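The primary structure of each chain is shown beneath.
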Amino acid sequence: MTKVKICGLMEVQHVKAAGQADAIGFVFAPSKRRISVEKAAELAKHVPAGVDKIGVFVNAALEEIERTVREVPLTMVQLHGDEPDELVQAISVPVVQAFSIRTTADAEKLGRSVADFVLVDAPGTDYRGGSGHVFDWTLLAGAGIDTSRLIVAGGLNPDNVAAAIGQTQPFMVDVSSGVETEGVKDAVKIKHFIQKAKGDSMQETIEKVGFFGKYGGQFVPETLMKAVKELEDSYTEAKDDPEFQKEYHHYLKEYVGREQPLTYAKRLTEAWGGPKVYLKREDLNHTGAHKINNAIGQALLAMRMGKRKIVAETGAGQHGVATATVCALFDLDCVIFMGEEDIKRQQLNVFRMKLLGARVESVTKGSATLKDAVNEALRYWVTNVEDTHYLIGSALGPHPFPTMVRDFQSVIGEETKRQIVEHEGRLPDTILACVGGGSNAIGMFYPFLKDESVRLIGVEAAGEGTETEKHAATMTKGTEGVLHGAFMKLLQSDSGQVLEAHSVSAGLDYPGIGPEHAYLADIGRVEYKAITDAEALEAVISFSRLEGIIPALETAHAISQAEKTAKEMNKDEILVICVSGRGDKDMATYAEKLEGLA
Ligand SMILES: O=C(O)c1ccccc1NCC(=O)[C@H](O)[C@H](O)COP(=O)(O)O
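None of these values were measured; they are calculated from a predicted model.

Some thoughts on the pairing of strand β20 (residues 455-463)
Reasoning step 1: Across the nine residues of β20, eight count as buried, placing the element largely inside the fold.
Reasoning step 2: Pairing analysis gives five bridges linking strand β19 (residues 430-434) to β20, with the strands arranged parallel. Following the sheet pairing, Leu-432 is matched in β20 by Ile-457.
Reasoning step 3: Of the crossover connections in this fold, the one passing from β19 over helix α17 (residues 439-445) to the parallel β20 is right-handed.
Reasoning step 4: Two strands pair when backbone bridges link them, and β20 and strand β23 (residues 526-532) are joined in this way by seven bridges, in the parallel orientation. Along β23, the bridge assignment pairs Glu-460 with Ala-530.

Written out as structure tokens, the structure is:
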């Protein structure tokens, strides 16, 4: 696979956005992108191991180059001046020598370079590189170039990089201006460029069993491996079994009440004054949210495996109620772990679960919220694994859970795709969904992943603000680590302790995110935004009054972001919001927080 270098990085967030690249470049030569050695050393701390750190110089002295190599530290050096062969050979790390290509004769010089790699670029304008201009790639043909040491640069961007790779077959591509907006690096463009450059080969990693890029896996204790493998095998078999699919869709139709409408939100559209807004109505499902789509699927799978005992976790109570419901329907034994804090916030749902025959276990450990409930449910599963299925509620946990939950929730996106074409004759421009663990969002997004014209936005909880310690903004503030059996992004301390997440919405109050979301963020396919408690509560009022639908607090985050996004869109465009659930369960919170306003 062709490697990717992102050059001219000056800010931490852009270094992080380039985390999936193979190399990043710091410019020490005269340039608008020039940075000091000290700044580069600081940025270098955020470069993942295995990613090359390349210093760009123009006619610098050997001592300066070597000092910079040591102090940053750099793993490679890139020379854009008229450096003599003796200097190239004296440098202690591998060297890239840059050549401006105007003629075939320029291309023929490459073979004579004593450097490890040769970089071909358009002639510089203001500086010796980074001009943003494309040179004629056909000049390389017939120049006898060893493509295993060829790096192609010069005016590349997400739209032309695949063609450049196709035509020149280089070892690496290098970009700077093409991933900038108004002269400043742009995280979305960086990720998009990497995705486009790696193209099909990155797509393949999505399908690599159990992993989404580097995220996912089965990081579980030995005692659980047998159950996890059994589940993996059973699911692999069941998902391709027409009888299983028939039964699953039978219950979705006859019991859950699918398919759910894609409602045109006339008053919201008028009020926002931008795109046509459509609402995918998961709030109309039996039990009031999308959770039941997954609960039905997993309960059928548990019975197929001969397991008639179910353990589950719940945060807001929506998944607990969905699980207790299917257990009543299929006469399964049911125990639900729920954080003590969430039990206080969601008393009505606790009663609903009990009424349905479930045993609700209060979790007092840790922050006594969703992550602690997952911990306890996993512990319970370890000791009861022979006859018990862990019916996880989001696209989380060890493989196959994230894939399986996504597949069961994909009915949301599949219906939406069909319905929007019926309504409008085309796909939407933008789709938004809230993200806690990420199950309604991945179910909505998955069928649209290959439709590049559709912008996908996941909305997480900024709580009291991402600048405070009270938020659940995993994508915005999280780092990589293992939680609940999967490698993902999570909120953690420098020593790796999982931090407490906060959101007014118990369903978004989770310090991690499903591994597929982490991957989709890295490749730039899905954007992630964060909405505060206050913004979500405001959206509850306006949405209720404009559309006569009282949304769940989780959903209100997506609605609030949709209003912001709608401001950037015009009347010819179409925006879809996944209304993941209804607000009945949140009435106590609304009554407390919105008193006087409502
Ligand atoms: O990027 C610069 O400003 C620069 C200045 C002086 C010498 C080299 C420089 N950049 C070297 C690079 O590796 C760039 O990525 C390469 O020239 C391509 O740039 P662009 O055409 O902007 O993608």
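Points about the site of the ligand
Reasoning step 1: Around the ligand there are 22 residues in total, and Ser-31, Asp-121, Gly-155, Asp-174 and Ser-177 lie nearest to it.
Reasoning step 2: Ser-31 places a side-chain nitrogen or oxygen 2.6 Å from an oxygen atom of the ligand.
Reasoning step 3: At a separation of 2.3 Å, an oxygen atom of the ligand approaches a polar side-chain atom of Ser-177.
Reasoning step 4: Surface burial for the ligand is 100%, taken as the share of its 510 Å² of free accessible area covered by protein chains.
Reasoning step 5: Listing elements by their share of the shell around the ligand, those giving two or more residues are β1 (3-7) and β8 (172-175).
Reasoning step 6: Here the residues of the shell around the ligand are counted per class, giving six nonpolar, eleven polar and five charged.

Digging into the side chain of Asn-293
Reasoning step 1: Mapped onto the elements, Asn-293 comes out in helix α11 (residues 291-304).
Reasoning step 2: On the accessibility criterion, Asn-293 (0% relative accessible area) is buried.
Reasoning step 3: The residues contacting Asn-293, other than those within four sequence positions of it, are Tyr-248, Leu-252, Val-256, Arg-258, Glu-282, Asn-285, Phe-408, Gln-409, Val-411 and Ile-412.

Details of the sheet that holds strand β6 (residues 117-121)
Strand pairing in a sheet relies on backbone hydrogen bonds, with the paired strands running either antiparallel or parallel.
Reasoning step 1: Ordered by their spatial adjacency, eight strands build a closed barrel running β1-β2-β3-β4-β5-β6-β7-β8, and the pairing between neighbours is parallel. Each strand of the sheet is rotated relative to its neighbour by a mean of 25 degrees, with strand direction disregarded.
Reasoning step 2: Note that β1 and β8 share four bridges and pair parallel. Residue pairing across strands places Lys-5 opposite Asp-174, the latter belonging to β8.

Structural notes on the sheet that holds strand β14 (residues 276-281)
Reasoning step 1: Strand order in this open sheet of six strands is β13-β14-β24-β19-β20-β23, and the pairing throughout is mixed. Taken across any chain shown, the strands that pair with only one partner, and hence form the sheet edges, are β13 (262-264) and β23. When the angles between neighbouring strand axes are averaged without regard to direction, this sheet yields 25 degrees.
Reasoning step 2: Looking at chain direction, β14 and strand β24 (residues 574-579) are connected through six bridges and run parallel. Paired with Leu-279 across the bridge in β24 is Ile-577.
Reasoning step 3: Seen against the sheet, helix α20 (residues 533-547) touches β14, β20, β23 and β24 and runs at an angle of roughly 95 degrees to β23.
Reasoning step 4: Sheet strands touched by helix α21 (residues 553-566): β19, β20, β23 and β24. Its angle to β19, the strand with the most contacts, is close to 150 degrees.

Some thoughts on the state of the cysteines
In a disulfide, the sulfur atoms of two cysteines are covalently bonded to one another.
Reasoning step 1: Under the criterion given, the structure shown has zero disulfides.
Reasoning step 2: Not engaged in a disulfide, the cysteine Cys-327 finds its nearest cysteine sulfur in Cys-334; these two sulfurs lie 3.7 Å apart.
Reasoning step 3: No disulfide involves Cys-578; its sulfur sits 7.2 Å from that of Cys-434, the nearest cysteine.

Re the UniProt feature "modified residue: N6-(pyridoxal phosphate)lysine" (unreviewed entry) in the protein
Reasoning step 1: The UniProt record annotates "modified residue: N6-(pyridoxal phosphate)lysine" (unreviewed entry) at Lys-291.
Reasoning step 2: Here Lys-291 lies in helix α11.
Reasoning step 3: We classify Lys-291 as buried; its relative accessible area is 14%.
Reasoning step 4: In this view, Lys-291 contacts Gln-318, His-319, Ala-322, Gly-393, Ser-394, Gln-409 and Ser-439; residues no more than four positions away in its chain are not counted.

Notes on the confidence of the model for the protein
Reasoning step 1: Looking at the protein, pLDDT values average 93 and 98% of them are 70 or higher.
Reasoning step 2: In the predicted structure, residues 202-207 sits below a pLDDT of 50 and forms 15 contacts with residues beyond four places in sequence or in another chain.
Reasoning step 3: Per the prediction output, this complex has pTM 0.66; the corresponding ipTM is 0.91.

Quick look at the nonpolar core
Reasoning step 1: Residues Trp-381, Tyr-390 and Phe-445 are the most contacted members of the largest nonpolar core, which totals 93 residues.
Reasoning step 2: Summarising the domain contributions, this core has at least three residues from each of domain 2 (222-258 + 286-400) and domain 3 (262-285 + 409-594).
Reasoning step 3: Filtering out sequence-adjacent residues up to four positions away, Tyr-390 remains in contact with Gln-298, Val-311, Ala-312, Glu-313, Val-374, Ala-377, Leu-378, Trp-381 and Phe-401.

Points about the packing of aromatic side chains
Reasoning step 1: Under the counting rule described, the total for this entry stands at twelve aromatic pairs.
Reasoning step 2: Note on Phe-28 and Phe-57: the rings are 5.3 Å apart at their centroids and 25 degrees apart in plane angle, and the pair reads as stacked. Note that Phe-28 is positioned in the loop between β2 (23-27) and α2 (37-44) and Phe-57 in strand β3 (residues 52-57), a separation of 29 residues in sequence.
Reasoning step 3: Residue classification places Phe-57 among the buried residues on the basis of a relative accessible area of 1%.
Reasoning step 4: Between Phe-244 and Phe-408, the ring centres sit 6.4 Å apart and the planes meet at 45 degrees, which makes this aromatic pair tilted. With Phe-244 in helix α9 (residues 242-256) and Phe-408 in helix α16 (residues 401-424), this residue pair connects regions lying 164 residues apart in the sequence.
Reasoning step 5: Joined through ring pairs, the aromatic side chains of Tyr-235, Phe-244, Tyr-248 and Phe-408 make up one cluster.
Reasoning step 6: Seen from the ring of Tyr-264, Lys-276 lies directly overhead, with NZ or CZ sitting 5.5 Å from the centre.

Scoring rules and cut-offs
Residues numbered from 1 in each chain as written. Predicted model: local features only at pLDDT ≥ 70, side-chain atom pairs only at ≥ 80, totals over all residues. Heavy atoms only, no water. Buried < 20%, exposed > 50% of the residue type's maximum accessible area, 1.4 Å probe, protein only. Helix = DSSP H or I, 4+ residues; strand = E, 2+ residues; numbered from the N terminus. Pairing = 2+ DSSP bridges. Right-handed = clockwise from strand over helix to strand, strands pointing away. Near = heavy atom within 4 Å. Polar contact = N/O pair within 3.5 Å; in protein donor to acceptor, adjacent residues only side chain to side chain. Areas by Shrake-Rupley, 256 points an atom, 1.4 Å probe, with all protein chains shown as cover. Nonpolar A, V, L, I, M, F, W, Y, C, P; charged D, E, K, R; others polar. Contact = heavy atoms within 4.5 Å. Axes fitted to C-alpha atoms, helices over the stretch in contact; angles between N-to-C directions. Disulfide = S-S within 2.5 Å. UniProt positions renumbered as here; feature names shortened; annotations may be inferred. pLDDT = per-residue confidence, 0-100. Core = buried A, V, L, I, M, F, W, Y, C linked by side-chain atoms within 4.5 Å. Domains from an automatic or database assignment. Phe/Tyr/Trp six-rings, centres within 6.5 Å; stacked < 30°, edge-to-face > 60°. Lys NZ or Arg CZ within 6 Å of the ring centre and 35° of its normal.

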